[in-house]
Amino acid sequence: MTKKYDSEEIESVCTYCGVGCDITAVVENNKIVKIFAQKDGVVSEGKLCIKGKYGYDFVDAKDRIREPRIRKTFLAKNPHIQDAFGAKLTEFDSEFMTCDLDVATSIASMKLSEIKKKYGGDSFCAIGGARTSCESAYAFQKFCRETMESPHVDNCARVCHSPSLKGMKTTIGEGAATNPYNDIYETEFMVVIGSNTMEAHPIIANRIVSVAKQHNNLAVIDVRETKLAKLAKYNCVIPYEANLLILNMMAYVIIDEELYDQGFIDNRTKDFDTFKEKILNDPYSNPAFVKDIEGYEYLAKMIPNIAREYAVKKSMIFWGLGITEHLDGSYAVMAVTHLALMTGNIGKMGAGLMPLRGQNNVQGACDMGCLPYYLPDYQDAPTIGLMTPQLMDAMNEGRIKALLNMGEDITHIHPNIDKIDKAMDNLEFTMVQELFMTDVTKKADIIIGVKSAYEKTGVYVNAMRRLHLSQPLVKSDLPDDWEILTQMAEKLGDGKNFNFKTSEDVWNEVRVVAPRRFSGAAYYRLERHRKRGMQWPIYHEDTPILHLLDFRTDDGLGKYVYKQYEPRGMIQEILDKKFYNDSLEGFYLTTGRALPHYNNAAQTKRTETLYNKHSEDTLLASVEDEGKFGDKVILKSEYGETEALSVRYTDKVKPKTLFCTFHHAKSRINAVFGDESDELILTARFKSVKVDIIPVGSEVACS
């Protein structure tokens, strides 16, 4: 007899990167058996990357956190909590006790109340929110600011696109993508800088590839030859830490050859003449400067050619963390916006500025106010809190006593992880809301398992400001993140402020608190437009293209904020004839994603086929360096060292430079990065660190 299955198809949004693809799940007996994209999907266009298509096994993974866990050592340090709740706790394993959700939130609330009373509310901090819904992100920052009375809330934008927000908001008043993805089909020229788009944002790359094949109108600027560069008219491989240099050179060419749009400049920008004078008198903005950079002399001709095409055509610029994760990341983003302002390549179809966001809801988390200096809707915070790197210092100094971590693996994906380990060991209390026992849970006193994106209702905002109302693909008894926060707020005496029974209740408060972007985004409208989505700001209608008439600055004008490039690092070493040598010291390392995995791989590695495609972090080195250090190495910097890494040699990487993925915590790749960061916004310098290479045998690893 054949067993009958209750099968249905349910539409939702992908849980992975910031592209925000529409998905349809085939569900049988409350289990996902297939995920595909509808052919008329506005974001996906009927295609998904391998993560979106196959990476759903995590939902039913045996090691999901399905019951709260209370660490035994925490109970031993807090005997009064043990006395109060011991009868309601049962043995889980050698490290943890377990209990129901009500008991877990009661224990957490008791401890937080004690810490707040003893040290003050600002001894508490909250980090996370970009992998969950807008509703939970909103509740997260509200719990921190209002219930705990602490300004210290941050999210993973600190290690990715905070410089994009800073740079764009400074120059054009808004820190988000200006156009929808489909404007790629309307553009005449594309510049992709600092983005491995085919692996990090494949469905956007599909559009770029299609147009580039048809029109040969693509420039790719990066420190190595990415897969997308195969289709580029201009494959522009640049030295490390040269983004601002290259972008200022493009501005120089546009100004020197008078390729700018004078009408747009006069009507919609200010301070251009001052900017023009500074660029033309900057010795590092003239492309002739790179003629002295050995190995990169060809840039003296290629950069002007890219600048000319960008200026005279309807053009778009895309960028990723290869721009933002630098000492001058915010200034480089400002330099990107200068190009658009000078040429009028903004505020119209087929042009614009496209920061490619990393996590599925990092745009939404920032929109909801999960930043220490902005409330929801990017309103100025009355009290500015500490950014994540500052929080680590405060933990080490004993000023921060408690951490609430929601879906943010700070001991893995943040820099200087040796320092972070020490900082978290100095806390009196850490609570983590997660799907799995990720690396950060090793530091947690209380761990509460939560619903994944595929098990709940909620709004997600993708990299082009598109709101998508997700719906559950399968049913789950686990709590949503906002439900845990609501329980805790009530137990901390703030229940009337958290009068939420459903995710829609939370969202309706968001619409009131953040009206400039979301006032018209009622659930029923988002449900009606689930396939297309709606792009904020949403009033009576949504806004696919920003800045059509005015910029979102106080006076409506775009402005130029010039920053001169300062020679350093690799470029200075080349100029000083100190870079090219046979030493195993002084290599420049950058890091990035591999297609099969997402961030800390907590979800993707639960799908065997994805895990097997990239089961360990791999180091790429130049074929010209082959034979110098073998097949297994340790990388060491002044801050720390990695575990042993497998090496693959390629002609896509320049001599004395390296590339490594960061998905597996066991590699400890982020131990080699220190506190060096963007000078305005503290985003880590992940895209350039100087390392020494220690060859090891295949059987050797450091500890």
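Up top is the structure.
Residues numbered from 1 in each chain as written. Predicted model: local features only at pLDDT ≥ 70, side-chain atom pairs only at ≥ 80, totals over all residues. Heavy atoms only, no water.

## Quick word on the overall build of the protein
The cut-off we apply is this: Secondary structure counts use DSSP, requiring at least four H or I residues in a row for a helix and at least two E residues in a row for a strand, with both numbered from the N terminus. We compute the radius of gyration over the C-alpha atoms and compare it with the globule rule, which gives 2.2 Å times the number of residues raised to the power 0.38. Note on contacts: a residue pair qualifies if any of its non-hydrogen atoms lie within 4.5 Å across the two residues. Under the convention used here, a 1.4 Å probe and the Shrake-Rupley method define accessible areas, while residue burial counts only the protein chains that appear.
When helices and strands are tallied, the protein shows 24 helices and 27 strands. In terms of overall size, the protein behaves like a compact globule, its C-alpha atoms giving a radius of gyration of 25 Å where 703 residues would be expected to give roughly 27 Å. Summarising its shape, the C-alpha atoms of the protein cover approximately 75 × 65 × 65 Å along the three principal directions. Residue pairs at least 24 apart in sequence account for 74% of intrachain contacts in the protein once pairs closer than 6 positions are excluded. When the accessible area of the protein is evaluated, it comes to approximately 25,300 Å², of which 46% is carbon and sulfur surface.

## Description of the pattern of salt bridges
Selection rule: Put simply, a salt bridge is a Lys or Arg side-chain nitrogen that is within 4 Å of an Asp or Glu carboxyl oxygen. Type-normalised accessible area, obtained with a 1.4 Å probe on protein chains alone, sets the label of each residue: buried when under 20%, exposed when over 50%, and partly exposed for intermediate values.
Counting across every chain of the model gives 43 salt bridges. Here Lys-270 makes a salt bridge to Asp-555, at a shortest N to O gap of 2.8 Å. In this pair, Lys-270 is assigned in strand S12 (residues 269-270) and Asp-555 in the loop between strand S20 (534-535) and strand S21 (558-559), connecting sequence segments 285 residues apart. Residue classification places Lys-270 among the partly exposed positions, given a relative accessible area of 30%. Judged by relative accessible area, Asp-555 falls into the partly exposed class, the value being 41%. A salt bridge links Asp-651 to Lys-652, with the shortest nitrogen-to-oxygen separation between them at 3.9 Å. Accessibility expressed as a relative area gives 31% for Lys-652, which makes it partly exposed. Salt bridges here are not isolated pairs; linked through shared partners, they connect Glu-241, Asp-328, Arg-568, Glu-676 and Arg-685.

## Focus: the sheet that holds strand S24 (residues 632-636)
Put simply, the rule is: In this description, strands pair whenever DSSP reports at least two bridges between them. Helix axes are fitted only over the stretch in contact, all axes being lines through C-alpha atoms; the angle between N-to-C directions runs from 0 to 180 degrees.
Taken together, 6 strands build a closed barrel; the order of strands is S22-S26-S23-S25-S24-S27 and the barrel is mixed. Looking at each pair of strands side by side, their axes are set apart by 45 degrees on average, direction ignored. Bridge analysis of strand S22 (residues 587-592) against strand S27 (residues 689-695) gives 3 bridges, and the strand direction is antiparallel. In the strand pairing of S27, Tyr-588 is matched with Lys-690.

## Some thoughts on the pairing of strand S19 (residues 466-470)
Judged by how many residues are buried, S19 sits mostly within the fold: 5 of 5 residues are covered. In S19, alternate side chains face the same way, and those of Arg-466, His-468 and Ser-470 on one face and Leu-467 and Leu-469 on the other are all buried. Looking at chain direction, strand S18 (residues 458-461) and S19 are connected through 4 bridges and run antiparallel. Within S19, the residue paired with Tyr-460 across the bridge is His-468.

## What about the nonpolar core?
Keep this limit in mind: Working definition of a nonpolar core: buried Ala, Val, Leu, Ile, Met, Phe, Trp, Tyr and Cys residues. They are joined through side-chain atoms within 4.5 Å.
Ile-32, Phe-143, Tyr-454, Leu-467, Trp-507, Leu-589 and Leu-635 are the most contacted members of the largest nonpolar core, which has 142 residues in total. Looking at this core element by element, the count peaks at 7 residues for helix H5 (residues 134-147). Every residue in contact with Leu-635, bar those within four places of it in the chain, is listed here: Leu-589, Leu-619, Gly-640, Glu-641, Thr-642, Leu-645, Leu-658, Ile-669, Val-672, Val-691, Asp-692 and Ile-693. With 65 residues, the next largest nonpolar core counts Ile-254, Ile-265, Ala-311 and Phe-579 among its residues.

## So, helix H8 (residues 202-215)
Under the convention used in this document: Residue count minus one, scaled by 1.5 Å, sets the expected span of a helix.
Here H8 is 14 residues long and its end C-alpha atoms lie 20 Å apart, about the 20 Å a rise of 1.5 Å per residue gives. Looking at the buried residues of H8, the elements they touch are strand S9 (189-193), helix H7 (197-200), strand S10 (218-222) and strand S13 (315-319). Following H8 by one or two positions, Asn-216 adopts a phi angle in the positive range, close to 50 degrees.

## Focus: the environment of Ser-133
Examined against the element boundaries, Ser-133 turns out to sit in the loop between strand S7 (124-128) and H5. A residue is classified by how much of its surface remains accessible, and Ser-133, at 0% relative accessible area, is buried. Between the C-alpha atoms of Ser-133 and Ser-7, which are 126 residues apart in sequence, the distance is 26 Å. Not counting chain neighbours up to four residues away, the residues in contact with Ser-133 comprise Asn-361, Lys-456, Gly-458, Val-459 and Tyr-460.

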